[in-house]
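As a plain string of letters, each chain reads:
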Amino acid sequence: MNILLLSMPDSFEHMPTVAIRMPNGALTSLAGNLDPHHKVAVADLILCQRSVNKTVTDLVREHSPDIVGMSIMTFQRRSAERLMHLVRSLKPGVKIVVGGYDPSLDTAAYLDMPVDFIVRGEGEVTFRELTRALEGQGSMHFISGLSHKEGDRWIHNPARAPHRLEDNEIRLPNRSARVLKGYTILGRQADVIETSRGCTFDCSFCSIIEMRGRNFFTYSFDRVLDDIRDAYDHGARTLFIVDDNITLNVHRFEALCNAIINAGLNKIDYYVQGMTSAIANHGETLAPLMRKAGFRYVFLGIENILETDLKFLQASAKNTARKNGKKTGNASIQAIDYLHENGMYVIGGLIVGSPGDTLESIEANLEFARKYVDWPYIQHPTPYPKTPMTADFRKQGLIENERLHEYDGTTPIVHNENLSLDEIEYLRWKAERGMKTKHIPEVLKHDPWFVLKNMGKMAAHTYRGSRLRTFLGLESDRNAFARYKEIRRKEREYVEAPQTFCDADRRADSKDLSPERALWASSTAK
């Protein structure tokens, strides 16, 4: 069969495509785990944000797919639905399969869309078994993790247990299946790898526990090193390790660093996500080892520097420093110090704008970011499907914005008792511009050609909405902010809306009263 796999064009505000264009690792993993006789094309539409309709049209005509698969996050749902209708109009008989976090956690939202199959949870084996069933090898009814139609009725098979990974059932990604080019991070060709899946912490804003349960499974180092070599052979010189929580097992992470060094793979720049507590408590030995292994940027889930907010986010445990078994306070500064002392940079993940936040509490976090963080990744609480936070917000009636395409973390969504949503976004927007500009000299040292070539584009993105009058102090920053919001609204129109359906906004925990959605809701409640 001919199979076309698409990731959505919608990108995060903090990941402008002039600087960061990372692939969707799930698609190449799906491609690598299909039977070899299939002809698979993988297209990350983030590479063609301003020509999505034309690109998809060309791909469908060129590859004539029997199956089109889509990987979707919540804020990408609108684009996905528009693309479904586009694909259907180009090839009416094509089978459309959706998967990823949003279809897995809000399956009900997809039951009335032009979708044939929904892959819930991890998709590699489920999708492979689906393609075999479509070829007459086995029954749809016995494929765990699959939702499928029987006539007009949806059938939701039992969930598939998360893969333990050490059995090598999940094969390496098929990067050769990519048909679009241009993955970069700060001008260097980039790719993604994973060494583990899962997390055991229960942060209220995170979907991972609902998606795959409370667990932590790891690949063998031989498999990880083979994956790194394959990415390098395909041209990557920067790798983002996309593990949910690689520092959950610090001793394993240390061993992985040594394995990378011993294999001579430390000439690559690595980006990774890490817990502040793990790095603070083990940084004296871990940080030098990370740097020797090639780690350059570390995304730290600081979340918030105030204990009251950490408790609200249920993130205190992973942000607490310990010494001799005793708690010694917030781990963020110690973790950052260890990373900075060893020549690494911190991407600071912070969350501001919770219902009880005040101007003072938000400013305290922004000032912390200015002082300690190299690149800000500041977000607002966002009610993604099935998170504890979403259930709490919905129960209290705090969700003020149901426009899912704005659920990208940088648009305030939930009511605040002290500040307007517009004021919260303005405070973040204004603070981040200076933080991002401050880091450019460090990027220039490492990637001078990229900075010199793209400085104008990066400045235009960071300060979009601003004019000469803004910089000269002849108008208020709030005028620039208003223009920025309008620019951002237009940017989110990645896919032209077809005229064949009503493109109504759907909220992230859909509670439609249609029979199919009601049936799904009742079955999951049980």
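Residues numbered from 1 in each chain as written. Predicted model: local features only at pLDDT ≥ 70, side-chain atom pairs only at ≥ 80, totals over all residues. Heavy atoms only, no water.

Draft legend 1. Structural view of the overall build of the protein chain. Each helix and strand in the protein chain was counted, giving 18 helices and 19 strands. Here the protein chain has a C-alpha radius of gyration of 23 Å; the compact-globule value for 526 residues is 24 Å, and the two agree. Dimensions of the protein chain along its principal axes, counting C-alpha atoms only, are 60 × 55 × 50 Å. Within the protein chain, buried positions represent 59% of all 526 residues. (Helix = DSSP H or I, 4+ residues; strand = E, 2+ residues; numbered from the N terminus. Rg over C-alpha atoms; globule rule 2.2 N^0.38 Å. Buried < 20%, exposed > 50% of the residue type's maximum accessible area, 1.4 Å probe, protein only.)

Draft legend 2. Representation of the nonpolar core. Counting 59 residues, the largest nonpolar core has Ile228, Ile260, Tyr270, Met290, Phe295 and Leu300 as its most contacted members. Tallying contributions element by element places helix 9 (residues 276-293) first for this core, with eight residues. (Core = buried A, V, L, I, M, F, W, Y, C linked by side-chain atoms within 4.5 Å.)

Draft legend 3. Layout of a nonpolar patch on the surface. Where nonpolar side chains cluster on the molecular surface, the patch consists of Leu444, Trp449, Leu452 and Met455 and spans about 450 Å² of accessible area. Considering each element in turn, the nonpolar patch owes the most residues, three residues, to helix 15 (residues 448-462). Relative to the helices and strands, Leu452 resides in helix 15. (Patch = residues over 30% accessible without salt bridge, like charges linked within 9 Å, V, L, I, M, F, W, Y side chains within 5 Å. Areas by Shrake-Rupley, 256 points an atom, 1.4 Å probe, with all protein chains shown as cover. Salt bridge = Lys/Arg side-chain N within 4 Å of Asp/Glu carboxyl O.)

Draft legend 4. Seen up close, the pairing of strand 18 (residues 345-351). Most of strand 18 is tucked away: seven of the seven residues are buried. Every second residue of strand 18 is oriented toward a common face, with Tyr345, Ile347, Gly349 and Ile351 on one face and Val346, Gly348 and Leu350 on the other, all of them buried. Pairing between strand 18 and strand 19 (residues 375-379): five bridges, direction parallel. Its bridge partner being in strand 19, Ile351 is matched across the sheet by Gln379. (Pairing = 2+ DSSP bridges.)

Draft legend 5. Examining empty space enclosed by the protein more closely. Under the criterion given, the structure shown has two cavities of 30 Å³ or more. Approximately 60 Å³ is the volume attributed to the second largest cavity. Going through the elements one at a time, helix 14 (421-446) and helix 15 are the ones with two or more residues in the lining of the second largest cavity. By residue number, the principal contributor to the lining of the second largest cavity is helix 14, which donates five residues. (1 Å grid on protein atoms, 1.4 Å probe; cavity = no way out; pocket = protein on both sides within 12 Å on 5 of 7 lines; lining within 4 Å. Points joined across faces, edges and corners; volume = space filled by probe spheres on them.)

Draft legend 6. Broad picture of the environment of Lys438. Looking at the element boundaries, Lys438 is found in helix 14. Distance in space between the C-alpha atoms of Lys438 and Arg370 is 9.2 Å, their sequence separation being 68 residues. In contact with Lys438, other than residues within four places in its own chain, are Arg370 and Val373. (Contact = heavy atoms within 4.5 Å.)

Draft legend 7. Broad picture of the packing of aromatic side chains. What the rule picks out here adds up to 14 aromatic pairs. Here Phe253 and Phe295 contribute two aromatic rings whose centre-to-centre distance is 5.5 Å and whose plane-to-plane angle is 85 degrees, an arrangement assigned as edge-to-face. With Phe253 in helix 8 (residues 250-262) and Phe295 in strand 15 (residues 295-303), this pair connects stretches of sequence that are 42 residues apart. The buried category is assigned to Phe253, whose relative accessible area is 1%. Judged by centre distance (5.4 Å) and plane angle (75 degrees), the ring pair of Phe299 and Tyr377 falls under edge-to-face. You can see Phe299 sitting in strand 15 and its partner Tyr377 sitting in strand 19, a full 78 residues away along the chain. Here Phe299 matches Tyr377 in class, with each residue buried. A cation over a ring is seen here: Lys267 above Tyr232, with NZ or CZ 5.1 Å from the ring centre. Above the plane of the ring of Trp429 lies Arg433, whose end atom (NZ or CZ) is 4.0 Å from the centre. (Phe/Tyr/Trp six-rings, centres within 6.5 Å; stacked < 30°, edge-to-face > 60°. Lys NZ or Arg CZ within 6 Å of the ring centre and 35° of its normal.)

Draft legend 8. Looking closely at the packing of helix 2 (residues 52-63) against helix 3 (residues 77-90). Where helix 2 contacts helix 3, the two axes come as close as 10 Å, and the packing angle between them is 40 degrees. Between helix 2 and helix 3, the crossing angle belongs to the class labelled oblique. For the crossing formed where helix 2 meets helix 3, the hand is right-handed. Each of Val52, Asn53, Val56, Thr57, Val60 and Arg61 in helix 2 lies in contact with helix 3, whose residues at this interface are Leu83, Leu86, Val87 and Leu90. When its residues are assigned to classes, the contact of helix 2 with helix 3 shows seven nonpolar, two polar and one charged. (Axes fitted to C-alpha atoms, helices over the stretch in contact; angles between N-to-C directions. Parallel < 35°, antiparallel > 145°, perpendicular 65-115°, else oblique. Left-handed = near helix turned anticlockwise from the far one by under 90°. Nonpolar A, V, L, I, M, F, W, Y, C, P; charged D, E, K, R; others polar.)

Draft legend 9. How the structure looks around the sheet that holds strand 7 (residues 146-150). Sheet architecture is open: seven strands sit in the order 3-1-4-5-6-7-8, paired in mixed fashion. Looking at strand neighbours, the two that pair on one side only are strand 3 (39-44) and strand 8 (153-156), the edges of this open sheet. Neighbouring strand axes in the sheet, compared pairwise and without regard to direction, differ in orientation by 20 degrees on average. Examined bridge by bridge, strand 7 and strand 8 share four bridges and lie antiparallel to one another. In the strand pairing of strand 8, Glu150 is matched with Arg153. Sitting on the sheet, helix 1 (residues 25-32) touches strand 1 (2-7), strand 3 and strand 4 (67-71), and the angle it makes with strand 3 is about 175 degrees. The sheet strands contacting helix 2 are strand 1 and strand 3, and the helix crosses strand 1 at an angle near 165 degrees.

Draft legend 10. Highlighting unusual backbone geometry. Even without a glycine there, the phi angle at Leu186 is positive, about 50 degrees. Mapped onto the secondary structure, Leu186 falls in the loop between strand 9 (184-185) and strand 10 (188-193). Notably, Glu303 is not glycine yet its phi reads approximately 70 degrees, a positive angle. With respect to the secondary-structure elements, Glu303 resides in strand 15.

Draft legend 11. Looking closely at helix 12 (residues 359-372). With 14 residues, helix 12 ought to run about 20 Å at 1.5 Å a step, and its terminal C-alpha atoms sit 20 Å apart, in line with that. Where helix 12 is concerned, the buried positions are Ser361, Ile362, Asn365, Leu366, Phe368, Ala369 and Tyr372. Projected down its long axis, helix 12 shows its buried positions confined to an angular sector of 150 degrees, all on one face. Of the residues in helix 12, the exposed ones pointing more than 90 degrees away from the buried face are Glu360 and Lys371. (Expected span 1.5 Å × (residues − 1). Arc of directions from axis to C-beta.)

Draft legend 12. Fine view of the sheet that holds strand 19. Ordered in space as 2-9-10-13-14-15-18-19, the eight strands form an open sheet in which the pairing is mixed. This sheet does not close on itself; its edge strands, each paired only once, are strand 2 (20-21) and strand 19. Pairing of strand 9 with strand 10 involves two bridges; the strand directions are antiparallel. Bridging from a neighbouring strand, Ile185 pairs with Arg188 of strand 10. Most of the contacts of helix 11 (residues 332-341) go to strand 15, to which it runs at about 175 degrees, and overall it touches strand 15 and strand 18. In this fold helix 14 packs onto strand 10, strand 14 (269-274), strand 15, strand 18 and strand 19, with an angle of close to 150 degrees to the strand it touches most, strand 19.

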